[in-house]
Amino acid sequence: MPRPVSPLRALAPHLESWLRGLGPRRRMGVAAVFGALAATGQAPFDLWQLALVGFAGLYSVFLTAGTARRAGWAGWAGGTGYFALALCWIVEPFLVDIARHGWMAPFALLFMAAGLALFWGAAMMLAHRLGRGAIVWIGALALAELVRSYVFTGFPWALIGHIWIPTAMAQWAGFVGPHGLSLIALASAVALRQLFTAHPARAVVPVLLLAGLFAGGAYLAASGPAPRAAPVVRLIQPNAPQHQKWDPDYVPIFFRRLVEATAADPRPDLIVWPETSVPVYLEYAEETLKVIAEAASGVPVVLGAQREEGERIFNSAAVLDGQGRIAQVYDKHHLVPFGEYVPLGDLMARFGIHGMAAREGAGFSAGPGPALFDLGALGTALPLICYEAVFPQDVGAAPQRPGFLLQITNDAWFGRFSGPYQHLSQARLRAIEQGLPMVRVANTGVSAVIDARGRITGSVPLGLSGWIDLPLPEALPPTIYARIGDLFAAGAILALFLAVIGNKALQNGRKAD
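Below is a summary of the structure that appears in this document. (Residues numbered from 1 in each chain as written. Predicted model: local features only at pLDDT ≥ 70, side-chain atom pairs only at ≥ 80, totals over all residues. Heavy atoms only, no water.)

**A closer look at the sheet that holds strand S10 (residues 447–450)**
Backbone-to-backbone hydrogen bonds pair the strands of a sheet. The strands run either parallel or antiparallel. One open sheet holds the six strands; their spatial order is S6-S7-S8-S9-S10-S11, and the pairing between them is mixed. Of all strands in the sheet, those bounded by a partner on one side alone are strand S6 (373–374) and strand S11 (456–460). Sheet analysis places strand S8 (residues 404–409) next to strand S9 (residues 438–442), joined by five bridges and oriented parallel. Residue pairing for S9: Leu 406 is matched across the bridge by Val 439. Relative to the sheet, helix H14 (residues 419–434) contacts S8, S9, S10 and S11, its axis offset from that of S9 by approximately 165°. (Pairing = 2+ DSSP bridges. Helix = DSSP H or I, 4+ residues; strand = E, 2+ residues; numbered from the N terminus. Contact = heavy atoms within 4.5 Å. Axes fitted to C-alpha atoms, helices over the stretch in contact; angles between N-to-C directions.)

If you want it as structure tokens, here you go:
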């Protein structure tokens, strides 16, 4: 007599039987719900367990799609639900100047979510055509995430692998990068689905591997360089809301906060102001810089400022040395599309479409590329302005390995719910990937020092004005990811596809015999 199967073990087959009975539109609705559930793994929720349930549900939808076309539509619906929740902060920049940009807010979220979901739709359609198995589903979705990180200037925000950032699993980013983490997340979701079938024993090996990765990550997280006498960095957060940041009545208030924090004792070894914190163009800031230098009393200051060069405007970071002179300037090179610039900007401006942070139709100009700041006794730093810290490939493109990463940002654009926390999470991942500490200074928060294991050693909370002095953590040796970048993940994805194609060819050969 066969042993009865518990209702819990039969959960996945019951779900999939129910999904098969649904019409295509209802199945898409269920996929959208599972996609939104998967997005709860992103900050500020950080519910990675619930995210795995969402991805397991999407895998069940994929298995029951019936045709490649239906699988594609289900993947698109799931991606739309995922990105609509994960990127809900995208409406915040449009609400800063409601009269000018407010009408675009709902369209921005809709088009962003639906547009990015096309990658998932194409992935699930491809996976269905290649065999509908777990391996090809994992490989296709991971490939979609890799592709969207690079095409059209790239947008690797809210990657699937980011669900691991608050956990010990994040430490493996130093080996496999963010896309390797996505592979692990998708494989974990497939294993979770398998646990709730009539044959859960098939999931034993994947679950044991997952547990081993967690244990290894915890070991790595607990390790690190020995404590040392470290230089002290002052992080200053003026907390200037975006709608007041350039208001003539408020500019002196925010500037005074910055100057008073700069002058406070005891003296640090370096002072850092956030993005675009100097209230005048750098070329006309002589008197302003004198005030800053006097307050700094010989301590070098890294400043965020705008500067112009002919008709071109740059979003820049500058080093004010101990004598009050501008010693180095870096111009942001990876600009925000439709934020800092609009393609065909002057033409689009005629129709009322402007870059939100841009003063003219064409917006900001891009700098020549990554560069290093020489900060004397503190070593070299790789400056990253706001959006640039989202791109691991940009960090890896530094001319030489720096001693630490230095991000200045203005997260006032992102509101106070999810955007600033997701941006902070990605900064933590950049530190782990490179084995480098990061100094992160944000206009409205969160300003923080992050060590080479991605741990926050101190911070100024979101939405507060203030400053904090923190020692600069030591760097770790270069990681594997720092040496090879996304080659491991790309190779692993290729191997998955080759395994599926090879197995399919072998089966066809056996049928022919």
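More follows now that the structure is in view.
**Considerations on the packing of aromatic side chains**
Across all of its chains, the model carries 21 aromatic pairs by this definition. Ring centres of Trp 48 and Trp 164 lie 5.5 Å apart, and the angle between their planes is 45°; on these two criteria the pair is classed as tilted. Here Trp 48 is found in helix H3 (residues 48–63), whereas its partner Trp 164 is found in the loop between helix H7 (134–148) and helix H8 (173–195), with 116 residues between them in sequence. The same class applies to Trp 48 as to Trp 164, namely buried. Ring geometry for Trp 73 and Trp 76: centres 5.8 Å apart, planes at 90°, overall edge-to-face. Of this pair, Trp 73 and Trp 76 both sit in helix H4 (residues 68–86), three residues apart, which is roughly one turn of that helix. What makes Trp 73 partly exposed here is its relative accessible area of 42%. These aromatic residues form a ring-pair network of at least three members: Phe 55, Tyr 82, Phe 83 and Trp 120. When the ring centre of Trp 467 is taken as reference, the NZ or CZ atom of Arg 234 above it lies at 4.2 Å. The ring of Trp 246 has Lys 245 sitting right over it, with the charged end atom 4.9 Å from the ring centre. (Phe/Tyr/Trp six-rings, centres within 6.5 Å; stacked < 30°, edge-to-face > 60°. Buried < 20%, exposed > 50% of the residue type's maximum accessible area, 1.4 Å probe, protein only. Lys NZ or Arg CZ within 6 Å of the ring centre and 35° of its normal.)

**Some points on helix H6 (residues 105–130)**
Given a rise of 1.5 Å per residue, 26 residues ought to cover 38 Å, and the 38 Å separating the end C-alpha atoms of H6 matches this to within 8%. In the structure, H6 departs most strongly from a straight axis at Leu 118, where the bend amounts to approximately 25°. Taken residue by residue, H6 has Ala 105, Ala 108, Ala 113, Ala 114, Leu 116, Ala 117, Trp 120, Gly 121, Ala 123, Met 124, Ala 127 and His 128 as its buried positions. Structurally, H6 contributes buried residues whose contacts are with H3, H4, helix H5 (98–101) and H7. Gly 131 occupies a position one or two residues after H6 and carries a positive phi of about 145°. (Expected span 1.5 Å × (residues − 1). Bend = angle between axes of the 7 residues up to and from the residue.)

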